[in-house]
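# Fold and contact review
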Amino acid sequence: MKNSTAKPFIYAVLPRLWGNDSTTRIPGGSLSENGAGRLSRFTPEALAYIRSLGASHVWYIGLLEHATQTDYSAHGIRPDHPDTVKGVAGSPYAVKDYYDVDPDLVEQPAERMAELEALVERTHAAGLGFLMDFIPNHVARSYHSDVCPQGVEDLGAGDDPALAFSLSNNFYYLPGTTLELPRQSPELPRYSEQPARATGNDCFSPCPSINDWYETIKLNYGVDYLGATGLQTEPIPSTWLKMRDILRYWAAKGVDGFRCDMAELVPEAFWGWCLPQLKAEFPRLLFIAEIYQPHRYASYLAAGFDYLYDKVGVYDRLIAIGRGEAAPEDFTAVRDAVGALQPEMCYFMENHDEQRLASDFVYGDARRGFRSSLVAALSGTNPWMHYFGQELGERGMDAEGFSGRDGRTTIFDYWSLDKLQRLERGGWGTQYLTEEEVELLGDYRWLGRLLTSPPVQSGGYYGLHPSGEGSLAYLRHHEGELLLCLVSYAAEAGTVQLPLPEDLFAQLGLREGALYRAEDLRTGETQLLSLSPWAALSLELPACGYRVLALRPLEA
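These lines cover the structure that appears in this document, whether it is placed above or below. (Residues numbered from 1 in each chain as written. Predicted model: local features only at pLDDT ≥ 70, side-chain atom pairs only at ≥ 80, totals over all residues. Heavy atoms only, no water.)

What follows is about the overall build of the chain. Along its length, the chain carries 13 helices and 24 strands. Computed over the C-alpha atoms, the radius of gyration of the chain is 25 Å, within 12% of the 24 Å expected from 2.2 N^0.38 for a compact globule of 556 residues. C-alpha extents for the chain along the principal axes are approximately 80 × 55 × 40 Å. The buried share among the 556 residues of the chain stands at 59%. For the chain, the accessible area works out to roughly 20700 Å², and carbon and sulfur atoms hold 50% of it. (Helix = DSSP H or I, 4+ residues; strand = E, 2+ residues; numbered from the N terminus. Rg over C-alpha atoms; globule rule 2.2 N^0.38 Å. Buried < 20%, exposed > 50% of the residue type's maximum accessible area, 1.4 Å probe, protein only. Areas by Shrake-Rupley, 256 points an atom, 1.4 Å probe, with all protein chains shown as cover.)

In structure tokens form, the structure reads like this:
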């Protein structure tokens, strides 16, 4: 759906926590104790709420069946050994069946695929694109598809475990070894795996540590790591064919795109072979790569990805600026460091891997978090990704179980979020929210509306440099429309001097000395400003606050 909107707004949400009414919240609690969210709770009203934030797409995290300590053997699903599961609920990124749906998320496990298909329909009816995870690098140690289409060979079914590496193998083997996992359940017999298979984070040891992705096994895309012979692609590796068909299966169900987990651990050659085929069949399919290596950005875009994570650039720098660990004037240089690739970067200030902005580990203050979100979201035509509960100041400071009190919202445990419960109880209105939550939600809704303005949707960017320390500024411009974003990191309110360089007037074709009516888009207040390279603008800025001004020229 890349062409359907100039600037995608992706609302990322973990269905396991969405709509869970339970208030038990026992750390490490079971499904029966703590409950779980359901796909059915994404009602038309709930989706309208997501739409009201400005979203164009919903990324549903953890839809696929994954390893869990919950026993679904009554529904034909093989139980998992607890030593191969992180948390009681399990990680959504330890996929157990690429062709099936997580039974935690449905009202009737026997009808789980039908319930997911209904969610696709409701999402589209709400005017939203449907995104899901594709986890290409690794699977659960217990991987087995019991619902794959007829004629599909399961991953690993045709492997020869006596071979450490083969293009016909889907996994990497360590012949002659026995897997020894970190013990989670010493009262049970050890999990048995002979020979051991390589672990998902490229750990080629039969004894992965507690810090490894020990619950997963690495998929073989033709790279002979131990033999050091590099990538082999003739004949086409078995894994390439199987993973392409998995993507095709979900695209045919109406899925609009995929957030591809740790895409950089899979060779560019696979993506360059696979994505063009899928886009030829499904032209509007969207692919977002989780990638953290800037020197590889261009090759992944050339392979067919539409957008890439910008974690090590804009995200990291804005976190540092907000903490006072970096200068605000550094922002433009970091934003522009990727050059012409900037429109393909996906910005975010929260996601399931990162600590919440309002947590004690980041800012400890949702208002400061909004300030960073505003800077990132308004600064380009590229996608903005927003994590559920961010708009309410969710703190991630619960000790849920496996996750612990780490500033993140758990992906491993059965849990519920009080803020979301109160929002849903009020019919997606604000009657049960605190004053602070209502104000923050209003700010994020306002930001979502602002993202649709022409300067933000399709305009250019010009970085500015306020005099003194503690503030950040830039202009967005489009066909004579100007939008000035000004953010303060100072502890006290004050007047900011904002020089306008001659180059700005030359680039944008502005008339020097012209009068503009400046409207504060949050307060509605207006003032007259003369734009000139000879005298800096003098603007009032609240402490640790922001102003977004629409500048419109007065008639000569």
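And the narrative resumes.
Right, let's talk about the side chain of His81 for a bit. Mapped onto the elements of the fold, His81 is located in the loop between strand S3 (64–66) and strand S4 (95–101). Within the structure, the side chain of His81 is placed 2.6 Å from the backbone oxygen of Pro189, a separation counted as a polar contact. Other than its neighbours up to four places away in sequence, His81 contacts Arg183, Leu188, Pro189, Arg190 and Tyr191. (Polar contact = N/O pair within 3.5 Å; in protein donor to acceptor, adjacent residues only side chain to side chain. Contact = heavy atoms within 4.5 Å.)

So, about unusual backbone geometry. Following Gln194, the chain continues into Pro195 via a peptide bond in cis, with omega recorded as -10 degrees. With respect to the element layout, Pro195 can be found in the loop between strand S7 (173–174) and strand S8 (196–197). With an omega of 0 degrees, the peptide bond between Glu234 and Pro235 qualifies as cis. Looking at where Pro235 falls in the secondary structure, it is placed in the loop between strand S11 (230–231) and helix H4 (238–251). Positive phi, normally seen in glycine, also occurs at Glu479, with a value near 45 degrees. With respect to the element layout, Glu479 can be found in the loop between strand S18 (471–478) and strand S19 (481–488). Although it is not a glycine, Cys544 sits at a positive phi angle of roughly 50 degrees. Locating Cys544 in the fold gives a position in the loop between strand S23 (537–541) and strand S24 (546–553).

Now for the environment of Arg317. Here Arg317 lies in helix H7 (residues 311–322). The contacts of Arg317, once residues within four sequence positions are left out, are Ala326, Asp330 and Val334.

Pairs can form between side chains of opposite charge whenever their charged atoms are close. For the coordinates displayed, the defined rule picks out 33 salt bridges. Across the salt bridge formed by Glu193 and Arg197, the nearest N and O atoms sit 3.0 Å from each other. Exposure remark for Glu193: the relative accessible area of 4% places this residue in the buried category. The buried category is assigned to Arg197, whose relative accessible area is 13%. (Salt bridge = Lys/Arg side-chain N within 4 Å of Asp/Glu carboxyl O.)

What follows concerns helix H2 (residues 44–52). Those residues of H2 lying buried are Ala46, Leu47, Tyr49 and Ile50. The buried residues of H2 occupy an angular sector of 150 degrees when the element is viewed end-on, so they sit on one face. Pointing more than 90 degrees away from the buried face of H2 are the exposed residues Pro44 and Glu45. For H2, the elements touching its buried residues are strand S1 (9–13), strand S2 (57–60), helix H3 (112–125), helix H10 (418–425) and helix H11 (435–450). (Arc of directions from axis to C-beta.)

Moving on: the state of the cysteines. Taken as a whole, this structure holds 0 disulfides when the rule is applied. Cys148 carries a free sulfur, and the closest cysteine sulfur to it, the one in Cys274, is 18 Å from it. The thiol of Cys203 is unpaired, and the distance to the nearest cysteine sulfur, on Cys207, comes to 8.8 Å. Cys203 gets classed as buried once you look at its relative accessible area, which sits at 13%. (Disulfide = S-S within 2.5 Å.)

A word on the pairing of S1. Burial within S1 is extensive, with 5 of its 5 residues counted as buried. Side chains of S1 alternate between two faces, with Phe9, Tyr11 and Val13 and Ile10 and Ala12 buried alike. When S1 meets strand S16 (residues 384–387), the two strands line up parallel, connected through 4 bridges. Bridging from a neighbouring strand, Ala12 pairs with Tyr387 of S16. Where S1 meets S2, 4 bridges bridge the pair, whose relative direction is parallel. When the sheet's bridge partners are listed, Ile10 is paired in S2 with His57. (Pairing = 2+ DSSP bridges.)

Turning to the nonpolar core, a few remarks are in order. In globular proteins that are soluble, nonpolar side chains generally tend to be buried together. Core analysis: the biggest nonpolar cluster contains 133 residues, and Trp18, Tyr98 and Trp271 have the highest contact counts within it. Residues in contact with Tyr98, not counting those within four places in the same chain, are Leu64, Ile135, Pro136, His138, Val139, Tyr143, Leu155, Leu219, Met243, Ile246 and Trp250. Formed by 24 residues, the second largest nonpolar core is a distinct cluster that contains Ala473, Leu482, Ala514 and Leu531. (Core = buried A, V, L, I, M, F, W, Y, C linked by side-chain atoms within 4.5 Å.)

Further remarks concern the packing of aromatic side chains. Evaluation of the coordinates by the stated rule reveals 35 aromatic pairs. Consider the rings of Tyr60 and Phe130, whose centres lie 4.7 Å apart with planes at 35 degrees: the pair is tilted. Residue Tyr60 is found in strand S2, and its partner Phe130 is found in strand S5 (residues 129–134); the two are separated by 70 residues along the sequence. Here Tyr60 matches Phe130 in class, with each residue buried. Considering the side-chain rings of Phe258 and Phe287, the 5.6 Å spacing of their centres and the 25 degrees angle between planes classify their relative orientation as stacked. Within this pair, whereas Phe258 is found in strand S12 (residues 257–260), its partner Phe287 is found in strand S13 (residues 286–289), the two being separated by 29 residues in sequence. We classify Phe258 as buried; its relative accessible area is 2%. (Phe/Tyr/Trp six-rings, centres within 6.5 Å; stacked < 30°, edge-to-face > 60°.)

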